[in-house]
There are 2 protein chains.
Amino acid sequence: MSAQIDQVSVVKKANIYFDGKCVSHTVVLADGSKKSVGVIFPSSLTFNTGAPEIMEIVGGVCKVRLDGASEWQTYGAGTEFKVAGNSKFDIETVETLEYVCHFG
Amino acid sequence: MSAQIDQVSVVKKANIYFDGKCVSHTVVLADGSKKSVGVIFPSSLTFNTGAPEIMEIVGGVCKVRLDGASEWQTYGAGTEFKVAGNSKFDIETVETLEYVCHFG
């Protein structure tokens, strides 16, 4: 896992969700595609997806239940999980999570 | 004020200070110099500087008292304030602050 994302633009305004439980900044690649780098503070949240996503865990620990799944899976630093488009997932942040969300 | 910072690398790990009251991501420019894009949630904090800083306010409102000053100044979106190196400043975030910190 690389430590940084190179040759991008960063949007100065933050994305703040769930009363600040989730904070991210949007990163725009040369081809116009987007990622976000962010943090989720300890909480239990449900995220809806538009485009498919890959959530890369950079730090912290979370438990995730994808839409339609009955089991929770645990993810820590260096792991990732995929979420289908037009779907959702439940996430319980056990330790403050640092992540990169890759869209599309 | 530009809406984004172009041609940079973004460090995936976040910088989390003051129990999460301040969250930022480090941005590295082509010349190796650094900025950070971040958020400060409503709070009263004191920041210490190493290098001199320019704090560009992207969103929200804060009151700031520079080291040695007796007066508080209010800053909102589109404004900025400068902080000397090896100094400090008190900041009261009235509304969740989105900022870019320019170092050096």
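Named according to an unreviewed UniProt entry, chain A is Pyrimidine/purine nucleoside phosphorylase originating from Duganella radicis. According to the UniProt record, the Sequence similarities (unreviewed entry) comment for chain A reads "Belongs to the nucleoside phosphorylase PpnP family."

Q: Sorry, what's going on with the overall build of chain A here?
A: The helix and strand tally for chain A stands at zero helices and eight strands. Listing every helix and strand of chain A by position from the N terminus yields β-β-β-β-β-β-β-β. Taken over C-alpha atoms, the radius of gyration comes to 13 Å for chain A, in line with the 13 Å a tight globule of 104 residues would show. Across its three principal axes, chain A shows a C-alpha extent of roughly 40 × 30 × 25 Å. When each of the 104 residues of chain A is scored for burial, the buried share is 48%. Looking at chain A as shown, the accessible area adds up to about 5100 Å², and 48% of this sits on carbon and sulfur atoms. Separation between the mean location of the 9 positive side-chain charges and that of the 12 negative ones in chain A comes to 6 Å.

Q: Help me out: how do you make sense of the interface of chain B and chain A in this one?
A: Reports often express the size of an interface as the amount of accessible area lost when the parts come together. On the side of chain A, 29 residues touch chain B, which itself brings 29 residues to the contact. Around 2400 Å² of area is buried between chain B and chain A when both sides are counted, 60% of it from carbon and sulfur atoms. Among the residues of chain B in contact with chain A, Val-10, Lys-12 and Glu-98 of chain B are the three that bury the most area, contributing 29% of the side total. The interface formed by chain B and chain A contains four salt bridges. The partner of Lys-13 of chain A in a salt bridge is Glu-98 of chain B, with the nearest N and O atoms 3.1 Å apart. Among the secondary structure elements, those contributing two or more residues to the side of chain B that touches chain A are β1 (4–17), β2 (22–29), β3 (34–40), β5 (53–66) and β8 (88–103) of chain B. Broken down by element, the side of chain B that touches chain A gets its largest block of residues, 12 residues, from β1 of chain B.

Q: What is the right way to look at unusual backbone geometry in this model?
A: Both trends apply: most residues other than glycine have a negative phi, and most peptide bonds are in trans. At Asp-19 of chain A, a position not held by glycine, the phi torsion is positive, near 55°. In this fold, Asp-19 of chain A is placed in the loop between β1 (4–17) and β2 (22–29). A relative accessible area of 85% means that Asp-19 of chain A is categorised as exposed. Non-glycine residue Phe-18 of chain B carries a positive phi angle of around 50°. Take Phe-18 of chain B: it is sitting in the loop between β1 and β2.

Q: Please clarify how the relation of the copies chain B and chain A should be interpreted in this entry.
A: Note: a rotation about an axis with an accompanying shift along it relates these two copies of the chain. Each copy of the sequence occupies a distinct position, and chain B is placed on chain A by a rotation of 180° and an axial shift of 0.0 Å, giving an RMSD of 0.0 Å. What the superposition gives is, in effect, a two-fold axis relating one chain to the other. Mapped onto chain A, 100% of the interface residues of chain B again fall at the interface, so both copies present the same surface.

Thresholds applied
- Residues numbered from 1 in each chain as written.
- Chains lettered and ligands numbered in written order.
- Predicted model: local features only at pLDDT ≥ 70, side-chain atom pairs only at ≥ 80, totals over all residues.
- Heavy atoms only, no water.
- UniProt positions renumbered as here; feature names shortened; annotations may be inferred.
- Helix = DSSP H or I, 4+ residues; strand = E, 2+ residues; numbered from the N terminus.
- Rg over C-alpha atoms; globule rule 2.2 N^0.38 Å.
- Buried < 20%, exposed > 50% of the residue type's maximum accessible area, 1.4 Å probe, protein only.
- Areas by Shrake-Rupley, 256 points an atom, 1.4 Å probe, with all protein chains shown as cover.
- Lys, Arg positive; Asp, Glu negative; His and termini not counted.
- Charge placed at Lys NZ, Arg CZ, Asp CG, Glu CD.
- Contact = heavy atoms within 4.5 Å.
- Buried area = accessible area lost by both parts, 1.4 Å probe.
- Salt bridge = Lys/Arg side-chain N within 4 Å of Asp/Glu carboxyl O.
- Least-squares fit on C-alpha atoms with pLDDT ≥ 70 in both.

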